[in-house]
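Spelled out from the first residue to the last, the chains are:
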Amino acid sequence: MHKQNYQDILAQVQTPTRYAGNEINAVKKNLDQMDLTFGLVFPDLYEIGTSHFGIQILYSILNRQENIAAERFFSPAPDMEQLMEAKGIPCLSMESQRELAAFDIIGISLLYELNFTNILTLLSLSKIPFYADQRDDSFPLIIGGGPCAFNPEPLADFFDAFVIGDGEEAILQIANEVIEFKKNGDKIKKSLLRRLSKIPGVYVPSFFTPHWNKSGDKSGDETGIQTLTPVYEDYTRVKRAFLPTLTLDTFPMDPIVPYAKPVHDRLRLEIARGCSRGCRFCQAGMIYRPVRERSVEDLLKIARFSLKSTGYSEMSLLSLSTGDYSNLAQLMQQLLAMNQGQCNSISLPSIRAEKLTPELMELVKTVRKTGFTIAPEAGTQRLRDIINKNLTEESICTTVENALELGWKNIKLYFMMGLPFEEMDDMDGICRLSNRLAQYAKGKKGITVSVASFIPKSHTPFQRHSQMPLEQTNEKLQYLKDNLRNKRIKLKWQDPKMSLIEGVFARGDRRLSTLLVAAFKNGCRLDGWSDHFRFDLWQKAFDDTGIDPLFYTSRTRNDEEVLPWDHIDSGVTDTFLKKEFQRALEQTLTPDCRDHDCSGCGVCDFKRIQPVLHDIDTSPLPPLGPMGSSPILLPDDAFFKFDVIFSKLDRARFFGHLELATIVERAVKRAGLVVKYSKGFNPSMKISFENALPLGMESEEETLFIYLERGTRPDAVKQALNKTLPTGIHVIDCRLHSKLRHQDTTESAYQIRFSAPCLDQADLDRFLNLSEFMVEDLSKKGKIRRTDLRQSVQTITLVGLKTIEMVLKQYNTRTIRPTEVLAKYFKIDDASMQTARIKKITQG
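So, a few notes on the structure that sits alongside this text. Quick caveat, the model's predicted, so the values are computed rather than measured.

1. A closer look at helix α15 (residues 424–438)
Every α-helical turn comprises 3.6 residues, leaving residues that sit three or four positions apart pointing alike.
Part 1 of the argument: Compared with the 21 Å implied by 1.5 Å per residue over 15 residues, the 21 Å span of α15 between its first and last C-alpha is a close match.
Part 2 of the argument: All buried positions along α15 are accounted for by Asp 426, Met 427, Gly 429, Ile 430, Cys 431, Leu 433, Ser 434, Leu 437 and Ala 438.

2. As for the packing of aromatic side chains
Part 1 of the argument: Considering all chains together, one arrives at 27 aromatic pairs under this definition.
Part 2 of the argument: With 5.6 Å between their ring centres and 90 degrees between their planes, Phe 130 and Phe 520 make a pair best called edge-to-face. Placement of the pair is Phe 130 in the loop between α6 (116–125) and β4 (141–145) and Phe 520 in helix α18 (residues 512–522), with a sequence separation of 390 residues. The residues Phe 130 and Phe 520 share a single accessibility class, namely buried.

3. Let's talk about the sheet that holds strand β1 (residues 36–42)
Part 1 of the argument: Here six strands make up an open sheet; going across it, the order is β2-β1-β3-β4-β5-β6 and the pairing mixed. Strand pairing shows two members of the sheet lacking a second neighbour, β2 (68–74) and β6 (202–203), which therefore form its edges.
Part 2 of the argument: Of the pairings in the sheet, the one linking strand β5 (residues 161–163) to β6 comprises two bridges and is antiparallel in character. Following the sheet pairing, Val 163 is matched in β6 by Val 202.
Part 3 of the argument: Packed on one face of the sheet, helix α4 (residues 53–63) meets β1 and β2 and runs near 155 degrees to β2.
Part 4 of the argument: On the sheet, helix α7 (residues 168–183) packs against β1, β2, β3 (105–109), β4, β5 and β6 and is oriented at approximately 140 degrees with respect to β1.

4. Some points on the pairing of strand β16 (residues 410–417)
Part 1 of the argument: Examined bridge by bridge, strand β15 (residues 371–377) and β16 share five bridges and lie parallel to one another. Among the inter-strand pairings, Ile 374 is bridged to a residue of β16, identified as Leu 413.
Part 2 of the argument: Inspection of the sheet shows β16 paired to strand β17 (residues 446–453) by eight bridges, in the parallel sense. Looking at β17, one finds that Met 416 is bridged to Ala 452.

5. Some points on the packing of helix α14 (residues 393–405) against α15
Part 1 of the argument: Remark: α14 packs on α15, axes separated minimally by 10 Å, with the N-to-C direction vectors making an angle of 30 degrees. Classified by the angle between their axes, α14 and α15 sit roughly parallel to one another. In this structure, α14 crosses over α15, and the sense of that crossing is right-handed. The residues of α15 that touch α14, namely those facing Glu 393, Glu 394, Ile 396, Cys 397 and Val 400, are Leu 433, Arg 436 and Leu 437.

6. Observations concerning unusual backbone geometry
Part 1 of the argument: A cis amide bond links Phe 139 to the next residue, Pro 140, at an omega of 10 degrees.
Part 2 of the argument: Of note, the bond from Arg 289 into Pro 290 is cis; its omega dihedral lies within 30 degrees of zero at -5 degrees.
Part 3 of the argument: When you line up the elements, Pro 290 lands in the loop between α9 (283–287) and β12 (292–293).
Part 4 of the argument: The phi dihedral of Gln 97 is positive, around 65 degrees, even though this residue is not glycine.
Part 5 of the argument: Position of Gln 97 among the secondary structure elements: in the loop between α5 (78–87) and β3.
Part 6 of the argument: A positive phi angle, near 65 degrees, is found at Phe 421, a position not held by glycine.

7. Details of the pattern of salt bridges
Part 1 of the argument: A full pass over the atoms with the stated rule returns 56 salt bridges.
Part 2 of the argument: Between Arg 436 and Glu 393 there is a salt bridge; the shortest N-O distance is 3.0 Å. Here Glu 393 lies in helix α14 and Arg 436 lies in helix α15, a separation of 43 residues in the sequence.
Part 3 of the argument: The partly exposed category is assigned to Arg 436, whose relative accessible area is 25%.
Part 4 of the argument: On the accessibility criterion, Glu 393 (26% relative accessible area) is partly exposed.
Part 5 of the argument: Between Asp 636 and Lys 676 there is a salt bridge, with the nearest N and O atoms lying 3.7 Å from each other. Of this pair, Asp 636 sits in the loop between α21 (574–585) and β20 (639–648) while Lys 676 sits in the loop between α22 (657–671) and β21 (687–689); the two residues are 40 residues apart in sequence, bridging distant segments of the chain.
Part 6 of the argument: What emerges from the salt-bridge pattern is a single network uniting Asp 166, Glu 168, Arg 240, Glu 270, Arg 273, Arg 292 and Arg 294.

Cut-off values and rules
Residues numbered from 1 in each chain as written. Predicted model: local features only at pLDDT ≥ 70, side-chain atom pairs only at ≥ 80, totals over all residues. Heavy atoms only, no water. Helix = DSSP H or I, 4+ residues; strand = E, 2+ residues; numbered from the N terminus. Expected span 1.5 Å × (residues − 1). Buried < 20%, exposed > 50% of the residue type's maximum accessible area, 1.4 Å probe, protein only. Phe/Tyr/Trp six-rings, centres within 6.5 Å; stacked < 30°, edge-to-face > 60°. Pairing = 2+ DSSP bridges. Contact = heavy atoms within 4.5 Å. Axes fitted to C-alpha atoms, helices over the stretch in contact; angles between N-to-C directions. Parallel < 35°, antiparallel > 145°, perpendicular 65-115°, else oblique. Left-handed = near helix turned anticlockwise from the far one by under 90°. Salt bridge = Lys/Arg side-chain N within 4 Å of Asp/Glu carboxyl O.

If you want it as structure tokens, here you go:
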């Protein structure tokens, strides 16, 4: 019942492929035959969640186990949430449409504080009580993990457990403990949690009791400092889980290929984890230590396998500091050499000037240029030294100048406002540096300056520092707007109000659970999206709960104050963090331990946990061709045009035309077909469609044209494509192209099936008896055009109480859609049109 209802409402929402599932490489198992079911939740929209590498890792690890099934959930957009609420449909998994509450474990990724209300959205729709102590001993077990878990306290009341640190090993240990628990017939959740607490990195918040110290430093008499009392003497501190090395065993070799225009629509290669540069504001640089590099050999194995299994044409190198990878030039050269005419390109993030060797610069010239990002963070050298951003102005300028000369057209600069010990001269410095860099941008090239508010994060040297008040942030932002009026500079900024809410939860405690619930009940949703963020609703939540946001943001913590996350051991010692803060006061740099002596942060034991760096390969790189790989390019007469006839039915109707084109191109690559590409620096596959079907329409027969190598057997093309296309798209036939077959394409037949009776024979007869029915609308070019809908309709027939068939013909070369006739003459309302199933059918 749920499954049918879910499919019915997809036609009524924007971007239905967010919810349709059915992606390439998705894993579907029989959940009823599994020992454990695991719901992986990313509390944001599909296009964000499918771009997150961590959820792909966990999905792959869990589904490699024969007795475990993992399925995915993402936050619904507001239009989908409203429909689900109205129809009583719970959150359903992408793979099997099983409801969230039916899974044994719900694992929620905690990437961003402004996603927290989305967690409550998913639980609310699934009728799962928010608070852990209000849920009974039955499953599901709710577990959180990710960077926000390093201060789990604002969410502690909602979760049964958290995984602190690398999840690759912990996730299987948890799964196996739960499987054993279920098989033993134990029903007491507390005993299960006690077993889980023995796993490295697992934090069980119910085993720590909060108390409030009224005598602590506070803003207002009603608030105090949270301290925690452990329930068990052997469980007083939770040490982060470490993955000593990055191996092939934990890499998602068959990543899911998402639809609906994900933010990062490419193959991602995690080349290293961790960063040793030690920026004092950066939480990721502290909590992901030490640096662990993958070998070039492993990365090449991954790339070869994953490019074939996904059909991607682009790769991106994933790391906190890609330019620091020991053998970046060798890796890029060998990845580019894999091209083999398939037009693979590599997406690169920023690379510091000192890392741009002549060899690397030659390689970069062959890479497709999108955006180049550099993060000075501060406008003056004084402030960059304070935050340990080991960049000089000359280095920044050299990097930007090189990037522009190498072909990048848009340079993105990231700065922060409100950094510790910031002065107005530092704001002037942002303007001076940005204007200087804009001088290098000639012609159509430009500089984008992005500014965000500094937010002190847990487990960093600045974790006790205050966050700049909202009023002061707005004043400094206005200063930048007034002083960056340069036609080559585009200024972008994050809403300071969003930064305020993020800052509250970044260093919050358990009292914030009531705030989060109040904000959710007020209507806060998708707070990380500026078009959905409602600060007025958050203000009301603060008023309703009596919580003062300034207690968590603009208040400095002294060295004696207990911090809400003190029981979480990131591996970086408190002594090191305090020493780094002192060095910030002294404007003293701490050198990168990759190239210098150990900085004594405390993470490494130099036995199991230590940096994994590979020896630098100094052998000369072989020369590259113009596209980076010297592929053997076949002449034009080596290809022949083929007609591929296919159907697009059921869930595939939710693919838009551009989505369909991408799906087919990737299927062709996965099938290993030798296809013709256009010429130039950015070649595209020579493929086209006879018609562009609108979103939501099915078709029994469509045609696409593709140029394949001469000698390719049509039946082999059909078989190969049907193995690689998603369910709902099926190749009916493939044959050599013939112009004769496509001369008479002016007529199209459609079947329209309504969810309830909308028309009767009298309605149809009145229309058919008209001599004309003229309508006016605007063309894409904005010109008024007149169309005779009666002359456009060849026949229209009632074939059932809820079903009609219609044959349409072109009108002055214009293709008419059945929806236009139904809306403009028959006045069928939007709701009926949205729920109707429209199928293009074959005649005869």
